[in-house]
Amino acid sequence: PFSRLYVGKRVHENLWDSFLYTTFWVTLLAWKLYFSYKFEVKVLVLPSLELFDDFMNYENTSYWLTSILIALRWIPLTLIYFIDSSIWYSVWSGFVGSIIGFQEKLGEIKNLKSIKSYFMKMPEAFCQKILCENSAAKDPSYADLLMAGSSIHKSVKRGSIVSNAEDVNVIVSETTGLLAAARAEIGKIMPAQSSGRELLDDKTQKWAAFAAVWNEIINQMRLSDIISNSERDMLKFHTFPGFKKPVYFPIFQTAGCVELALNIVSEEASLLVMDDSKDFNVVLKREENMIARICEDVTVKEAVREVWELGWWFFQNLLGPTHKSDIDSLFEVFEHWASNKVLMQNIDSKHTMLAVKYVGDIVSILHSSLNGRHIHKNRETPKVLPKNGENGMKKSVSTGVLSSMVSDFNIGEQNGKKITSKLFKKNLDRRFNLAPRNDLLTVPDKARDEAREKLRPLLDSIRSMIKSNVGKGGVVLDKINFILSVEKGFMWDDYYATERLDMLSENPQALVLLSKLNGLLSIHVNEAEPSSKEAKRRLAFFANSLFMDIPQAPSLNSMLSWSCITPYYSEDVLYCKKDLKQPNEDGLSTLMYLKTLHKKEWFNFMERVGIQDEQLIWSKKYFQDLRLWASLRAQTLTRTVEGMMYNEAAIRLLSHIERCQPEQLESLIKQKFQYVVSCQVYGRMKKVQDPKADDIDRLLKRFPNLRVAYIDEVRERHNGNDEYFSVLIKASNNGESIEEVYRIKLPGNPIVGEGKPENQNHAIIFTRGENIQAIDMNQEGYFEEALKMRNLLQEFKPSSSSSVTIVGFREHIFTGGVSSLANYMALQESSFVTIGQRVLDKPLCSRLHYGHPDLFDKLFFVTRGGISKASKGINLSEDIFAGYNNSIRGGKVVFKEYAQVGKGRDIGMQQIYKFEAKLAQGAAEQTLSRDVNRLGIRLDFFRLISFYLGGAGYYVGNFITILSIAFVTNLMLTLAVFNLEKIGERKITPDGPVQMLLAGLGIMNTVPMLLTLIVEKGVFKALMMILQVFISGGPLYFMFHIQTRAHYFFQTLLVGGAKYRATGRGFVTHHSSLGDLYRFFASSHFYFGFELGAALIILGFTSEAAQYFGRTWSLWLACLSFLFCPFWFNPLSFEWGTVVRDYKKWFRWMLNSGGSSSNSWKVWWREENSYQLSFNIGQKLLSLIKPLFHIVIGIGIALPNLVSLQEMTSQDVVALIHVISVAIVLLLAYYFADRFGSNMYPWISRIGKLAISLVAFFGTISVVVSHCKNIRILIGLYYIFGSFNSIALLLGFTGMRFASHIHDFILGNVLFFVLFSLSALQFPKDIQTWLLYHNALSQGVVMEDILKYARKSQELSAGSQDGTDELEDLKKIIKQQEFMIEQLVAQASPGRISKISSMLENGRVDQTSGAGTFDEGVENEGIVPRAEMLRASSSTLDLSKMAGTATSAKRPNEKVGGKKADGNDFLDFRAPSEFPPRDS
């Protein structure tokens, strides 16, 4: 009875949730029943009645035949009836999930344009959601957050930031961020204009806090190289000490706003001209309208304010103290006019745009020239005595317009002062020739001269704007004339002007201000956006999440703590030099692939580290940066650790914003966050000196709070038994050493299953958080998402209903842009991890745990068996059993989409194949587990359906789909060959509804994917992406993996054998041999696809029904998918040289014997079919269905008149006997050659098989030519003989192996014939490249460069192998010579140098003694003796003594014992007299 169960008693849901999922399923099932009746049941009623009518009305109609025909016609649609529920579930979940997504405000912010529209609301949302409720207290020092976190300034080593007040001195380097500057004293960076340290209002505080966080997010993106320096400066907030505004908007937000304001001004000015009225009220109305339009958009208004304020400061500092009062007067006058709304009364607004254009030109000139400007050291201006009492007084004329200059000259006086004709001539020359004041002391300065050239027309345009020369208008004209004419001012004194520019270039604040002004005035809207799609995506998601339903953040002291666990086995940690430089079999290195795939990020990296020459990346200074850059773009442990340690950085940032005590910060971080990497075999790596262990140590030293747990295996000396310990280690002494923290003895070997669950569970004891986050090796974190972790942890807060025990959240597949395959995988995963889990969570209440990165309630799970189960086989998919365990024990799961992590997926065909096979086998094992049984008997009906279709039912549906395809194809062929398509003498009704249902329902599987994209990317972009998927071969890919899942799901249910399949997670940068593909996919896909193709071809010749293509197009699509999908998604599959080389390799593999499965077809066949030898009676009977069906088909093909034997003619009998006789003779001959050929010489066996194959080929042709009926007989016998081969194998007779060998020969040659044909056409390879790598190409990746490089390498390896080997030998010789010369310089005497030089000239160099040892790069900077280059070892062997003999080789002029003929022992390599003893 159920009462005896200890689990499954609390699986019910509340009334409202029950009502929701009941409504979901009632509507779905009602539609399913209606559709099934209309299109699956009703269409078969009439044919069934017709068959029964013939039986009742015709005496010679067999009852059994009628019954069988009726059953056969009903079976296909019955199968579809069973699987269409999963199709409708996909459709229902797609629409319901979309509605929920819109309700949760997903996709409201999709791109940078929508970010800009929501940007003004983001500070309020950020402070309300992300910050603690009490953190925004009105603190007068709150504005220092901006400067503490500012890193917008360039790296300037000289000078300091100088403001108007000249009392602020802060140097901010390029890499200084808020995390480093948070320790600065509070209050040093308050605005200088704040009187008495005024309290900042609440709104300003929020902007300050948001700006600090936003800037740090941008900083982290720059450090990740996804944006450049210029993009970073355009995305960040700006802050300038001594200015009115605490924060200045990012350039990307304000770009184009000034231009928009100028257009408004021009429009209003034009309307004012059209009014042709000088009425004050009319002008006032136009000005008010202009101001209202500008102020309507807050961003435009703020952009105008920023330009005004920054422009004021800029011209003050550009023109210097000589003109400071004039600049102040000019700006004050215009400010007075604007504040009193008389601006349009006093100026002509139509010239405004021209004036602003000149300002933008000046700013652009100085912005491009002041960075890196050469400073003139001698700044003291030479003193020149004035002539005739002249002292450089200001002139009253402008030098801007030639006519005004001439008319204003007064030879007698100038401003009341007498001047001589000589002085007049000097002034006149200066005016027309623009000569500087001190002609003999001219300082060349291009930037100064260009700035002057733009400043003159700027001042002229301002002067032309003034309507009146009296009052304040006269003041403006006077100030402009003074600026243009004063001799010791900017326009005439070269030394003064150059000094002003030098001071600006030394002022970091001025450089940043110039960049800001340039962005406001000169940068177009599109130019202000980052080019990186990843940066846009992350910023859009972060901005969108601020407006979603997020729990209120508690204080840092009150937040829940959590620990992250990452299970690691032996994957890549940090790429080494060999990983980056070593080419694969196509000649393509990992670094070249990464540089090509991430081209922009590579340039950003070069810019960040300051490299111009790429060869410098291998130097010691930059090599570690290069390793990190490459590793952060692969699925490495470093990428995962770097991402998850952002949580620590986020806590630091939030603690500074929320004013936590600095002395408590480190203890707070350790208390709230912990990261443990469970490196299962770290101890073993240390013992064998694996470089990966050193890389793990490097991570420990890089992150002091990181911990590593591993299982240590120690052998006891007294009894020889192994002891096992769980060990935790950390870095100590400021990263100088690694120390052990805990060591816990285990009762035995903890690895009882696949390894991964045990690896996780043994490390849980070292975690101290209240919750556990499981992070896989192929995941990464983002800094902006780490800021929301305490909000996410609040989901565990107890509520009135049952407490939450698992919190799931989104994953972003970051490998989707590599190729079409990666894109399909990313879309498939994204659909499941978003809309799929969204619906399972709400309204179906059936979400389980599907893997990382879910958060667990630690106390709940450690007391209920851990977060994963570890039994071998049955718990292959270990993660989902945590979900089963959680559900049957009353836990609650929620899924939230306001947070995300990155996740990598497999990107190669074989990698994805292994992954899908693992999931399918895991699903099959789940159906056999007691956990599923317990849930099944406890859940109510509707939740049970959700549980089924959301889990194992998906794989059951895949299996039934493939079963339907096979049954329908063979049924149509059977009816055709036995002439049973007609019902009596009635007209044939094509069996089209079945095929249309299969195809239509398959297409409807894409509905969730389409709706997911619509919600998050918009309708148009979603349709374009789906169209791209279809054009590039997406349907082939998805159908191919339906067969993958069906094959392994059924095989596991039949015989078990589920096992973990390592996919490698690496880059697929090479062409896979077609022979390798054949071994991979023959059993699961090629055999089935060949059967389908053969059946459909025979159907075309034997069927009398019409509409052949309409009935079979979906079946042909499946056939092509199973046969050619691996080749289509394999680079260079249609290169003629590649196909020829692959065919030779495959042919050798077919003929070889012995070795491994990759060397011999025999070994491969034995391994592939070994599972059948362990079948029991039931399994054998189930497996006999297919061969018996094929025997029936073969009989129908070979003997079409078998139903009425009396109609066979003697000619048919003779043809049948001839064909059978020839086939038996050839098969016997091939059998003996295969059976006894291995005892002979290999060439005899091969020649015998080749001769038999030729005889069989030409004999088949002769038999076919002799009589056309022989074709049917041959095909029928092929079916029959293949079926008997399968039956013999099931019964344990392996002697029929040669029949499988023949079948593989035929199948392989058919495939290669198609590949040869496509390769000869040439254009398929170009189409394949474009479609296969469309995603990468659309991102600017020159994928063709990679493929061309691979093609070139293959051609060289195929046609010039000898030349390549010779080149390698020459390289080794050159390296040896360089090493020997360096050794001579360091050690040898002059006599020895001459001897060795002669040896080098004569070529007497040992080419093997150091080949490959002295490579270029960081490892060999300086000459290191061999003994010193060896790693430290715990062995007692004296490696330093043996180093000289490790790679030495005897030369022709050596004697025994290592002595050379000439007696010179300088290059003598000899063995030691005796070797040290080995360890006992």
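Reading the values: the criteria
- Residues numbered from 1 in each chain as written.
- Predicted model: local features only at pLDDT ≥ 70, side-chain atom pairs only at ≥ 80, totals over all residues.
- Heavy atoms only, no water.
- Helix = DSSP H or I, 4+ residues; strand = E, 2+ residues; numbered from the N terminus.
- Buried < 20%, exposed > 50% of the residue type's maximum accessible area, 1.4 Å probe, protein only.
- Contact = heavy atoms within 4.5 Å.
- Areas by Shrake-Rupley, 256 points an atom, 1.4 Å probe, with all protein chains shown as cover.
- Pairing = 2+ DSSP bridges.
- Phe/Tyr/Trp six-rings, centres within 6.5 Å; stacked < 30°, edge-to-face > 60°.
- Lys NZ or Arg CZ within 6 Å of the ring centre and 35° of its normal.
- Expected span 1.5 Å × (residues − 1).
- Axes fitted to C-alpha atoms, helices over the stretch in contact; angles between N-to-C directions.
- Parallel < 35°, antiparallel > 145°, perpendicular 65-115°, else oblique.
- Left-handed = near helix turned anticlockwise from the far one by under 90°.
- 1 Å grid on protein atoms, 1.4 Å probe; cavity = no way out; pocket = protein on both sides within 12 Å on 5 of 7 lines; lining within 4 Å.
- Points joined across faces, edges and corners; volume = space filled by probe spheres on them.
- Nonpolar A, V, L, I, M, F, W, Y, C, P; charged D, E, K, R; others polar.
- Patch = residues over 30% accessible without salt bridge, like charges linked within 9 Å, V, L, I, M, F, W, Y side chains within 5 Å.
- Salt bridge = Lys/Arg side-chain N within 4 Å of Asp/Glu carboxyl O.
- Polar contact = N/O pair within 3.5 Å; in protein donor to acceptor, adjacent residues only side chain to side chain.
- Arc of directions from axis to C-beta.
- pLDDT = per-residue confidence, 0-100.

Enquirer: Residue-level account of the overall build of the protein, with values.
Expert: Each helix and strand in the protein was counted, giving 62 helices and 12 strands. Burial status across the protein gives 53% buried among its 1480 residues. The contacts of the protein with a sequence gap of at least 6 include a subset with a gap of at least 24, amounting to 80%. Split by element, the accessible area of the protein, about 67,900 Å² in all, is 58% carbon and sulfur.

Enquirer: Explain the sheet that holds strand S7 (residues 737–746) to me, using residue names and the numbers behind them.
Expert: With mixed pairing, 10 strands are arranged side by side in an open sheet as S7-S6-S5-S4-S3-S8-S11-S10-S12-S9. Where the open sheet ends on each side, the last strands, each with one partner, are S7 and strand S9 (779–780). Inspection of the sheet shows strand S3 (residues 562–568) paired to strand S8 (residues 771–774) by four bridges, in the parallel sense. Counterpart to Trp562 in the pairing with S8 is Asn771.

Enquirer: Tell me what's going on with the packing of aromatic side chains, and back it up with residues and numbers.
Expert: Here the distance between the centres and the angle between the planes together describe a pair of aromatic rings. Counting across every chain of the model gives 83 aromatic pairs. With a centroid separation of 5.1 Å and an interplanar angle of 75°, the aromatic rings of Tyr1037 and Phe1038 are classed as edge-to-face. Taking NZ or CZ as reference, Arg639 lies 3.7 Å from the ring centre of Phe814, over its face. Lying over the aromatic face of Trp1149, Arg1079 brings its terminal NZ or CZ to 5.5 Å of the ring centre.

Enquirer: I'd like a description of helix H51 (residues 1185–1198), backed by residues and values.
Expert: In an α-helix there are 3.6 residues to a turn, and that puts residues three or four apart on one side. Here H51 contains 14 residues, and its C-alpha end-to-end distance of 20 Å stays within 8% of the 20 Å for a straight helix at 1.5 Å per residue. Those residues of H51 that sit buried are Pro1187, His1190, Ile1191, Ile1193, Gly1194, Gly1196, Ile1197 and Ala1198.

Enquirer: An account of the pairing of S7 is requested, with residue identities and associated values reported.
Expert: As paired elements, strand S6 (residues 722–732) and S7 share nine bridges and run antiparallel to each other. Directly across from Ser726, in S7, lies its bridge partner Ile744. Following S6, the chain reverses through four residues before pairing antiparallel with S7; Asn733 in that reversal takes a positive phi of roughly 55°.

Enquirer: Talk me through the packing of helix H7 (residues 202–223) against helix H22 (residues 533–545); I want residue IDs and the actual numbers.
Expert: Relative to each other, H7 and H22 sit at 155°, their axes nearing to 12 Å. In terms of orientation, H7 and H22 fall into the roughly antiparallel class. The element H7 and its partner H22 pack so that their crossing is right-handed. Of the residues in H22, those in contact with Trp214, Ile217, Ile218 and Met221 of H7 are Ala535, Arg538, Leu539 and Phe542.

Enquirer: Before we move on, can you summarise empty space enclosed by the protein with the specific residues and values?
Expert: Applying the stated criterion to the full structure yields 10 cavities of 30 Å³ or more. Estimated volume of the second largest cavity: approximately 80 Å³. Lining the second largest cavity are 14 residues; nearest its centre among them are Asn647, Glu785, Ala786, Met789 and Val901. Of all elements in the fold, only helix H27 (637–644), helix H28 (646–657), helix H33 (783–786) and strand S12 (892–903) reach the threshold of two or more residues within the lining of the second largest cavity. Looking at the lining of the second largest cavity, the element that brings in the most residues is S12, giving three residues. Its residues placed into classes, the lining of the second largest cavity shows eight nonpolar, five polar and one charged.

Enquirer: Describe in detail a nonpolar patch on the surface, supporting the description with residues and values.
Expert: A cluster of nonpolar side chains, namely Val1019, Phe1020, Leu1023, Met1024, Leu1027 and Ile1031, defines an oily patch on the protein surface of about 600 Å² accessible area. Looking at the element boundaries, Val1019 is found in helix H44 (residues 1019–1031).

Enquirer: Quick rundown of the side chain of Asn229? Include the residues and the values.
Expert: By the element assignment, Asn229 lies in helix H8 (residues 229–235). Here the side chain of Asn229 touches Arg222 through a polar contact of 2.7 Å, side chain to side chain.

Enquirer: Break down helix H39 (residues 930–938) for me, with residues and values.
Expert: The set of residues buried in H39 consists of Asp931, Val932 and Leu935. Mapping the buried residues of H39 onto a view down its axis gives an arc of 95°, with all of them on the same face. Here the buried face of H39 lies against helix H37 (878–888), helix H38 (909–927) and helix H40 (941–949).

Enquirer: Can you lay out the confidence of the model for the protein for me, pointing to particular residues and giving the numbers?
Expert: For the protein, per-residue confidence averages 78 on the pLDDT scale, and 74% of positions sit at 70 or higher. Every residue in residues 136–143 is under pLDDT 50, and counting partners more than four places away or in other chains gives 30 contacts.

Enquirer: Tell me what's going on with the pattern of salt bridges, and back it up with residues and numbers.
Expert: Enumeration according to the criterion identifies 59 salt bridges in this entry. The salt bridge partner of Arg652 is Glu648, with a shortest N-O separation of 3.3 Å. A residue pair is termed a helical-turn pair when its members lie 3 or 4 positions apart in one helix, as Arg652 and Glu648 do in helix H28 at four residues. On the basis of relative accessibility, which here comes to 18%, the residue Arg652 falls in the buried class. The class of Glu648 is buried, set by a relative accessible area of 10%. The partner of Lys686 in a salt bridge is Asp697, and the shortest N-O contact between them spans 2.6 Å. Within this pair, whereas Lys686 is found in helix H30 (residues 682–687), its partner Asp697 is found in helix H31 (residues 691–702), the two being separated by 11 residues in sequence. Classification of Lys686 as partly exposed rests on a relative accessible area of 37%.

Enquirer: Can you break down the environment of Leu106 residue by residue, with the values?
Expert: With respect to the helices and strands, Leu106 occurs in the loop between helix H2 (63–103) and helix H3 (112–118). Relative accessible area serves as the criterion here: at 5%, Leu106 is assigned to the buried category. The spacing of Leu106 and Phe547 is 441 residues in sequence and 9.1 Å in space, taken between C-alpha atoms. Ignoring any residue separated from it by four or fewer positions in sequence, one finds Leu106 in contact with Gly101, Asn544, Met548, Arg810, Arg838, Glu897 and Val1015.

Enquirer: An account of the packing of helix H41 (residues 952–977) against helix H45 (residues 1034–1055) is requested, with residue identities and associated values reported.
Expert: Between H41 and H45, whose axes approach to 8 Å, the crossing angle comes to 105°. Classed by the angle they form, the pair H41 and H45 counts as roughly perpendicular. Counted together, Tyr954, Tyr955, Val956, Asn958, Phe959, Thr961 and Ile962 of H41 and Ile1042, Gln1043, Arg1045, Ala1046, Phe1049 and Phe1050 of H45 form the full contact between these two elements. Residue classes in the contact of H41 with H45 are distributed as nine nonpolar, three polar and one charged.

Enquirer: Explain the pairing of S6 to me, and be specific about the residues and the numbers.
Expert: The buried fraction of S6 amounts to nine of the 11 residues, a majority that puts the element mostly inside the structure. By the bridge criterion, eight bridges tie strand S5 (residues 706–715) to S6 in an arrangement that is antiparallel. The residue of S6 that forms the bridge with Glu713 is Tyr724. Linking S5 to S6, which pair antiparallel, is a turn of six residues; within it Gly720 sits at a positive phi near 75°.

Enquirer: Describe the environment of Phe1038, listing the residues and the values that go with them.
Expert: Here Phe1038 is to be found in helix H45. Residues Phe1038 and Ser1121 lie 83 residues apart in sequence; the distance between their C-alpha atoms is 8.8 Å. Residue contacts for Phe1038: discarding those within four places in its chain leaves Tyr824, Gln828, Met1009 and Val1029.

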